[in-house]
Each structure stands twice: as structure tokens, then as C-alpha cells.
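Remarks on the overall topology
Single-letter residue listing:
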Amino acid sequence: MKKFNIRKVLDGLKEASSSSSSSSSTPSVQVGPQENNLIQETLQSEHFQLCKTVRHGFPYQPSSMAFDPVQKILAIGTQSGALRLFGRPGVECYCQHEGGAAVIQLQFLINEGALVSALADDSIHLWNLRQKRPAVLHSLKFNRERITFCHLPFQSKWLYIGTERGNIHIVNVESFMLSGYVIMWNKAIELSSKSHPGPVVHISDNPMDEGKLIIGYESGIVVLWDLKSKKADYRYTYDEAIHSVAWHHEGKQFICSHSDGTLTIWNIRGQGKPIQTITPHGKQPKDGKKPEPCKPILKVEYKTTRNGDPFIIFSGGLSYDTVGRRPCLTVMHGKSIAVLEMDYPIVDFLTLCETPYPNDFQEPYAVVVLLEKDLVVIDLAQNGYPIFENPYPLTIHESPVTCCEYFADCPVDLIPALYSVGSRQKRQGYSKKEWPISGGNWGQGTQSFSEIIITGHADGTVKFWDASAIMLQVLYKLKTAKIFDRNRSKEDKGSSEVSDEDPFAIQIMAWCPESRMLCVAGVSANVIIYRFSKLEVTTEVVQLLEVRMQYELNEMESPDGGGGEQTSAHPTPGASPQTSGPPSHPSTSSNNSDGGNIPCLKVRSSPLKQSPGYQVDLVVQSVWVSGEPPQQITSLVLNSSYGLVVFGNSNGLAVVDYIQKTVVLNLGTVELYGSNDPYQRQPRSPRKTRQPSGGLCDINEYSATSEDRCKSPTSDHRDNSFSRSRSSSVTSIDKEAREAISSFLFCETFARKGDCTLTPCLYVGTSLGTVLVLAITLPSAGEQRQLQPVIISPTGMLVRLKGSIMRISFLDSTGLLLAPAFEPWYEPNITADGEEREKIRKRRPVSVSPSTSQELNESQFAVVCSEKQAKVMSLPSQTCIYKHSITENSFILRADIVQMNQGVCLACFCANGHIMTLSVPGLRPLMDVNYLPLTDMRIARTFCFTNLGQAMYLCSPTEIQRITYSQETCENLQEMLGELFTPVETPEAPNRGFFKGLFGGGAQSLDREELFGEVAAGKASRSLAQHIPGPGGIEGMKGAASGVVGDLARARIALDERGQKLGELDERTAAMMASADSFSKHAHDMMLKCKDKKWYQF
């Protein structure tokens, strides 16, 4: 993870909005004509196309939920108008309403492959779920009334819509036209009532009589409306506001939940009072008075079982004296009351039942509870109501994500290895049953490479996710905070000043997939190195290295002599900087009372039991020096072949040998230049003002309050930091001459100009656009590696670019990507001979092709990308052969050199939202798409590209959005996506029984067409709502499924449906013929009986 300058992000946005095209269209400048066409580039523009693939994670700010009990699909709507659909694990879908208004209610057309959504902007939409990417078929926008509640009866095409004015409108879901039939509030309530009953909070039809509709008004009035006679049959009044209503399946009783924490049960023929009033959580006074009021019961469901007591399930209703109590769902079953505590507030819940028919015994088996930040499914059939283990990747945000890394085309044994250690971390006590949301089918994807996403979190956890084949599944979770003492000692001077909510937050991660070595840098200026092991081990003492990173440099004061924010102009490189008096020497006599040598975190001293998986090998800590907190780490790299970890901050870098557990090098950036420093900086006195080490504020950002130090990357000042940015030009260099380390690369290359042998090198990029080279001398392998020191010597500057260096990479003479050397993974807890281990250690050979560049002896190319431009250097001559200005008005947030199927390219994500790819080494622009209109800091912090055209970022605090820039993946995407709708037969309707049929006790059906159709009800007022045809009609469906598989699947579904309909028609015809036969027989018998009778004998 790189640090970003908030001012720069803002400036980038400003510039982006003012200029239509962000990326400069300057062609790449080729320098040195004699080296033209050194390498035949295979990547072309047609290999690139940008599209979103999938979105994973918990729907951010959920607002509503629905379930199709036949298809077994769950839909969740959010406050930003997003729609997430979940089927079986691995079948997920994301859609977005155009306006972005909150989804207030969702209703499935059960087993029809369609869904109705009602939005806070008073529009309703019909979604077609029979295509892989669902689309809106129709929309209806209400102009004069606010929608408050919707109800669509099972197997009906007429949708009831209740409004804030208390009226009910009826919409035909096939044509999405309003019926002329309206239930006006003043007709529904008693004429003698002088007050308005409030908005409609509930509508549902009597399970046994579709012609009777129950309407709940907020004020406490419930009306049983007769649709045929267009009048109210009964009215029920209660003096507390109503939140929800639910029917008993026999249609003779209903239950209401109220704002004072009571439940009232009513007989439909009992006018005056409820037959029962319960306050489930209220204390019952002894003198027979009313129980004391409780919090509102927001929703109640009443579900019956064939053999046993009904279930009454509700949310809310706790007594007011339960301060600090967590939100609860209450399940009342017979005499038992179970109160189930939830971790977050309840948004909505649904009871899953065996039947879709409301007039049958419901037989509930599970409850889906949608919380603000989680989805919980409770098993009602087992004692103690255990929860189901959630198979969806909804725990991305368990602790806020602070950084991400994405790896495509990993070694094949990696995912199984991580899965095997991760499977031991599973919690116990889940329900034994299968996950009940099991609809849909997986895609037919043929993607063969494995992908891993790693997320770092604010509480110090690191999670590894299997992201192969557009799915996401957690593999393994590492808790880095375990190695530190949680309770900091009081006498630690300084640690009280750095008190912060997230001291363990992960800031940068470096991972070597081949050796499985992991290195993480935290906000408290600590670096932890982990090895992967399949064996458990107990570490007696966690090994610790303390690093004092303090480099003295003369500080340039602002004209007024004060510290704080400095806004005056910078000396340009080369101009002599202002000095304030003679440089004084660092004070060596400072006593430790001012907080010297104190780390931000204390490593635990007790033995540490380490489970199989990632086990700590070494902890490196930057300590407080002379009362100053350590700088935050800005860049990090690890090389398993050399046994080195390097980290840099805003002043310099440290190289750690983790095999010998020593610091090899600790240098200020200025000292890396030697005598070639272009800035002519002078040694400086101890600083008057503190250096910040605050979250995402820029490494050059100079002002910071003491609270900002050691801040976590999730603290508020970081995400809202646009507001406190200063207006400054993006290109300005900070007043201070501090030069931060912004990127690293290990490579076997030519350390100096004109070298003819390859040596291990460390390339260092800085925030001022310089690339510096350090040559590494490693001891020979085996025992010598443990004993002899590693020697590192700066060899000078390679190149300078505009803006901070983002990425450095190397190509061989044929244009192939040179990956850094690595050591294959071995089990660290089995002691092997040093020599044996050396046999398996491997360095990637560097191919030196003598063909095209033989006469020039050029055999490598260094590709360097900064915030503004890219350059390609030819080595060992160190001449610049290509350069390209990527953006003039904005700056790059993330750049990666990635391997595509057809070759290598440079991929960039710009602060103004553009995503670009350039060929290497020629730096020809191949793709430039204005992808995001605006970028926030979360996207800037989490965006990453990886090989084979994949990329990802966090689009909300809880969700990962994956995108592809590969034409090939875009073409195959349709086949890889899962299918939500699968042809399933609707269960048979419940048998009415002989007596019920005879005496009319069964369900009464209603011809709604006759009542609500245009012939009977007339046309609705045109000004009431406008119909908007959606893009997802038949054309949308054809366009959405270009894959052959999609066409075949649709043909199969169409045939199935046609077969089903023909089958039904066959049955109906047979039934009609049988009925006609019996009628003719009866008629014949009657005729014979009556043939000889006279009329007066009848």
C-alpha cells in the first residue's frame, strides 16, 4: 500500500472535472533511434476491454429483504439503491437502480423469475431475473403520493401499493399500468372519525378469502376491506401506533405489533377489543395494572405448524431499562420465549416456511435476520436455535479493511495449503443442516488460473481469500496483534500520547507466493516477518529487532520562523535552500526522560503458541528517538532468495537480514545519493515540530497534531480528509526537503553503468522522482549465509522522473518480465541440512539474448513509472530509450507491470478515475477508459491490478468490486456468471378437503381481473404516476446473453416452460372432457326419470 497525498487527490479531481480527457495524449517519446523496434510488441488495443465482473461482500447499508420460497433466492436492497441477489454459495448477483434512491421494499413474483422493488423516490421497478445480469423491465414513478408499503399476493399479477396519504393503488405487474380501482383512506375509516389515520403500514389479503384485504394504518386503525363491495367490513382500533400485522393461516385471526412493545391478537369478527394483549418483555405489576411500556415491536410474524404450537417471532420490544443490551429477535413457541441477541441492529427478518401458500400450515424451519452489518440464519428446528454457518464471503468488514493485495496465477499448491490450515480455525456449534438459501446454478466458467486476495485490517488481522473463477471464499485468517501486549504499561512515556483505537492496523503487506513468506507493516511503525508452517510450534521468545531511524538534516524554516503549516514556495531543485543559522549537531546527551528508544507497541514476553499457518519469525520495530515518534512506514519489500526485508519511511530506509536477524543498513535518503544529491541539502538540527505518522496523510504532509500520530488508516481524519487539504499545485514539492521512500524492487541486474555481470540489486524509488541503486553482496550459500554479513553499497542514481515513483520493473532483452529471485517453500520446523536446503533454493535465471541488441550489448530494460510519467531505461548503458507522459493534470494512484496472455503491459489507475494500459517497453497507449467519475480515498487506498487482466478495489467499507481489463475475460464472463433462475415446479396447493368444499370453509378465490381491469375499474389518473419502460425487455435479454451457453440455457428453459404449460393444458382438457362426460350422463339419467311424468307431478 502506498501513501497518498490528500491534497493531490483533490487537485486531481478538480483538474479532472475541468478537463474532459485526463490522460495526456502525448505520444511516447522515443529516445535513441538506433534502438528502434528492439522488441516486437505483441499486445494490441483489441486485447483490452474494461468491465465490472463481480461484487463480493456484505451489502453496504442494507434497507430491505425478500425471499422466494420456491426458487430459494434471497434479495437484499440497500440505502444507495443497490440490489444484491444470493442463491447457493457461489451464486451471487449485483444490480443497481439508476437513481440511487434507497430500496424500501422488495417483493418476489414467486417462482416467476421476477422481483418488484419499491424505492424511497416513490418509484417501483420490475426486475427480470431470468437472465444472468438482471435488468429492469418496467418502472412506474408516482408523482403525487409517497409509497409506504407494497403487497403482491402469491400467484397474483395485481400489486397493492399503500401510500403516505393512506390510499391504496393497484398496479398490474405484467403491463405495469395503474388500475382505476383505488381504496381511498376516507372510505376505509369510519365517517365519524375526524382525524387522518396516517400512512399505510401494512396490506395483506385474508389467506382464506382473497376478496378481503386487511389494511393497517400507522395511527392504530386496522380495516378489513371487501374488494367486491368496495366497503369496509370491520374496523379495529387500538390506541397505540401499529408497526406490522400478520395473519394466522386460517384467516380467522391476525396479530398486530405496536409502538409500546405490545402484541394484540384479534378475531376478524370481533369488533371492539383484541382477544389477547401481550407485552412479552414488559414487567407485570401485581395490582393488575397495565405492564410498563417497552420499546416498539418493529415487525411480527405468526407462523403455524401442523403438529404443535405456532411460532410468534418479532424484533424489538425490549424494556427501556435494558440499557446497553444488544438488539434482539424474540421467538415465542408455546410457553417458551427465546431471546436471541444480535451483534448489530436488526434491519429486517423473514421466516422461511415449507409452503408458499398462505392458507396452509406454514411449517417454519428457519429465520433469516438482516442486520446492519451481517446476515444471520437461525435454525428453528433444532433445540437452542443454533445459527447456520454462513457460506457467503460477508466478513470482509469484520474489522475495517486498511489495505489489499491481489495475486493472479499463483502456484497451484498454495490455495490447498492455506485452506488446510484455515479449516482448523472454524468455529463450532453451527446447525447441522444444509444452508437453506440454495437456488440458482453455478456458471460454466473455464478459467484455469488460481487467484488470491489478501486483506489487511484495522485490528491487525490479515485474511487470505480464494478468488478463483469469480467466486470468493475465506481461506485463512492471521491475527498479528497476538504477538503484542494489549495492555500498555502506564509508565511508558509516550505510549499514553499515542493512545489510539487501532494501534495494530495493517498498513502495507509484502508476500512471496512461491516461498510463502509474508511481511506486514503496521501503523505503529512495526514490521513483522512470518514463515508458513504446517506444524504447530511454541515460540519461547518472539525475536525482536529495534531500529532507530533518525537522520539529521537541516530544517528549512518558514519565513515567520514558526513550525506548523508552511505554504511558502519551495526552492527548486538545484537552487540553494534557505538556511536558518549554522547547522547544529544532533544532541547526543538527551536523557531518556523525553522518551528515547520506546516502541509504539510492546512485544509479549510470555511463550507464544503458534498454530499451523503463518508463524512469526521476527518483529522489527522503529523506536521513538529523542522524544519523537517513529515515522510511519511508506514502502516495504521482501525477497526470500536473499533473506532480506527492506522498509522505508519519509526519511530513509532500513534493510533487515531475517536469516541472521540483524539490521544490514539504516540510511537516510540523502545519504543514498552520496555526493550526487541534486537538492544540496545540509545536515539539520533536531526538529522543533513533530513529524506526523498519520494514516493516509501524505508522507510529505507537514502539519499534524499530536493526536494524528500513530493513527490508524481507518481513523476518521483519513476518509474525510478532502476537507482539510490545502490548495496547492499537484506538482509542488513540499517545503521540507524530506524525501520519502515510495517504492522498492529486488532484481539481478547491472548495478553500475557499463557493467557486464549481473549482481543482486535493490532499486529504490523516492517521492521526489529519483530511482537509486544499491548493490548487494551476499555470502555464499549454506553455513556461510548464517555467519557472514550481507554487504550493501549505494551505487548512485539511475534516472529521475516527474512525481513520486510508483513502480519499477525489469524486462529481459526479449521483452519478458524478469521476476525477482525466490526460494521455494520448505517446512521451517523440520531442521534440514544447510546444503540440502541450498539444493532446493533457486534463483530465477536471467536470460541474456544476444540477438537484436548484440552490437549494443544491451540485455535488460528497466521500466519506471511515477505519478506523472513512465520511462524505459536500457541497461547496462543506462540510456533512456522511451518515455511517455501519462497524465498532465492529474496523477497516478496505482501502477503495476502486469503479465497478460499476449505479453506484458503497464496498467495505471489515475486520480481522475481513468484506467489506462501502456505497452512495454514501447509505452504505446493501448487503453484509456474514464471508469470512475470520482475517486474517494478508500478506492485510492485499495485499488490493485494483477496479472491476466484482473483488478479490484473496495467500493464500500464492506464490499470488494472486481473488474477486468482483458478482452478475453469480458467475452467469457457471460458463461462464468451463475444463473439465478432455474425451472422449478410450484408445489401443489393445499387440499381443501370434502367438508370444507361442501360448506364453503376453504379458500375463496377472487377474479381480480374482473375487479381491477380497465373494463370494470376504468383508467387511472394520468398525473398520478408515469410508466417508464426499462432497458431489460426482450432486446436487453438478447444483448445480455451473448454466450452460446446462455442461448442454449434460455432455449432449454423456454422448452421446459412450454412443456410445462402444454402439460397443464393437457390435464385441464382431460379434466374438462371428464366433466362433460359426467354432465351428459347425469342429463341422460334425468331425462329418462322425467320422461313419462306430467308437469304437475314435479
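Described in the following lines is the structure provided in the data block. (Residues numbered from 1 in each chain as written. Predicted model: local features only at pLDDT ≥ 70, side-chain atom pairs only at ≥ 80, totals over all residues. Heavy atoms only, no water.)

Brief notes about the overall build of the protein chain
Convention followed: Helix numbering and strand numbering both begin at the N terminus, where a helix is a DSSP run of H or I of at least 4 residues and a strand a DSSP run of E of at least 2. Using a 1.4 Å probe on the protein chains alone, a residue whose accessible area is under 20% of its type maximum counts as buried, one over 50% counts as exposed, and one in between counts as partly exposed. Only heavy atoms enter the contact rule, under which two residues are in contact if any of them lie within 4.5 Å. Note on areas: Shrake-Rupley with a 1.4 Å probe; residue coverage comes only from the protein chains shown.
A tally of regular secondary structure across the protein chain gives 14 helices and 60 strands. Counting every position in the protein chain, which comprises 1098 residues, the buried fraction comes to 57%. Sequence separation of 24 or more characterises 62% of the internal contacts of the protein chain that already satisfy a separation of 6 or more. A total accessible area of about 47,000 Å² is found for the protein chain, and carbon and sulfur atoms account for 51% of it.

Remarks on the pairing of strand β12 (residues 158–163)
Under the convention used in this document: Strands are labelled as partners when DSSP assigns at least two bridges between them.
For β12, a buried count of six out of six residues is recorded, marking the element as mostly surrounded by other parts of the structure. Here β12 shows two buried faces, one formed by Trp158, Tyr160 and Gly162 and the other by Leu159, Ile161 and Thr163. Linkage of strand β11 (residues 147–151) to β12, two consecutive antiparallel strands, is achieved through a turn of six residues, within which glutamine 155 is found at a positive phi near 60°. Pairing of β12 with strand β13 (residues 168–172) involves five bridges; the strand directions are antiparallel.

A look at the sheet that holds strand β44 (residues 662–668)
For clarity, the threshold we go by: Here the axes come from fitting lines to C-alpha atoms, over the contacting stretch only for helices, and the angles between their N-to-C directions go from 0 to 180 degrees.
Strands sit in the order β41-β42-β43-β44 across an open sheet of four strands; the sheet is antiparallel. Both edges of this open sheet fall to β41 (635–639) and β44, since each of them pairs with a single strand only. Each neighbouring strand pair of the sheet contributes to a mean axis angle of 10°, computed without reference to strand direction.

As for the environment of leucine 980
Tracing the backbone shows leucine 980 in the loop between α9 (967–976) and α10 (994–999). With a relative accessible area of 2%, leucine 980 lands in the buried category. It is 6.6 Å that separates the C-alpha atoms of leucine 980 and glycine 87, two residues lying 893 residues apart in sequence. In this structure leucine 980 touches Gln71, Ile73, Leu85, Val91, Cys93, Leu129, Pro134 and Gly440, once residues within four positions along its chain are discounted.

As for the packing of aromatic side chains
Here is the rule we go by: Whether two aromatic rings pair depends on their centres lying within 6.5 Å, for rings of Phe, Tyr and Trp, where Trp uses its six-membered ring; planes under 30 degrees apart make the pair stacked, over 60 edge-to-face, and the rest tilted. Lysine and arginine charges are scored as sitting over a ring when NZ or CZ, respectively, is within 6 Å of the ring centre and within 35 degrees of the ring normal.
One pass over the structure, following the stated rule, counts 27 aromatic pairs. Note on tyrosine 476 and tyrosine 614: the rings are 6.1 Å apart at their centroids and 50° apart in plane angle, and the pair reads as tilted. Taken together, the positions of tyrosine 476 in strand β33 (residues 473–479) and tyrosine 614 in strand β40 (residues 613–622) put the pair 138 residues apart, joining distant regions of the chain. The same class applies to tyrosine 476 as to tyrosine 614, namely buried. Between tyrosine 931 and tyrosine 953, the aromatic rings sit 6.1 Å apart at their centres with planes inclined by 75°, giving edge-to-face as the arrangement. Taken together, the residues span a long stretch of sequence, with tyrosine 931 in the loop between β56 (925–930) and α8 (937–942) and tyrosine 953 in strand β58 (residues 950–956) at a distance of 22 residues. What makes tyrosine 931 buried here is its relative accessible area of 16%. Taken together, Phe407, Phe464, Tyr476, Trp511, Phe532, Tyr614 and Trp825 form an aromatic cluster joined through their ring pairs. Here lysine 299 stacks its cationic end above the ring of phenylalanine 349, 5.2 Å away from the centre of that ring. The ring of tryptophan 825 is capped by arginine 516, whose NZ or CZ atom sits 4.2 Å from the centre of that ring.

With respect to the sheet that holds β13
Taken together, four strands build an open sheet; the order of strands is β11-β12-β13-β14 and the sheet is antiparallel. The open sheet has two edge strands, β11 and β14 (177–183), and neither has a second partner. Here the strands of the sheet are splayed against their neighbours by 30° on average, with no regard to which way each runs. Bridging between β11 and β12 involves four bridges; their strand directions are antiparallel. Residue pairing for β12: cysteine 150 is matched across the bridge by isoleucine 161.

Topic: helix α3 (residues 414–422)
Because an α-helix completes one turn every 3.6 residues, residues spaced three or four positions apart along the sequence face the same direction. Put simply, the test is: Note: the arc covers the axis-to-C-beta directions of the helix.
Those residues of α3 that sit buried are Leu414, Ile415, Ala417, Leu418, Val421 and Gly422. When α3 is viewed along its axis, its buried side chains cluster within an angular range of 165° and face the same direction. Buried residues in α3 make contact with β31 (451–457), β32 (461–466), β33, β34 (506–512), β36 (526–533) and β40.

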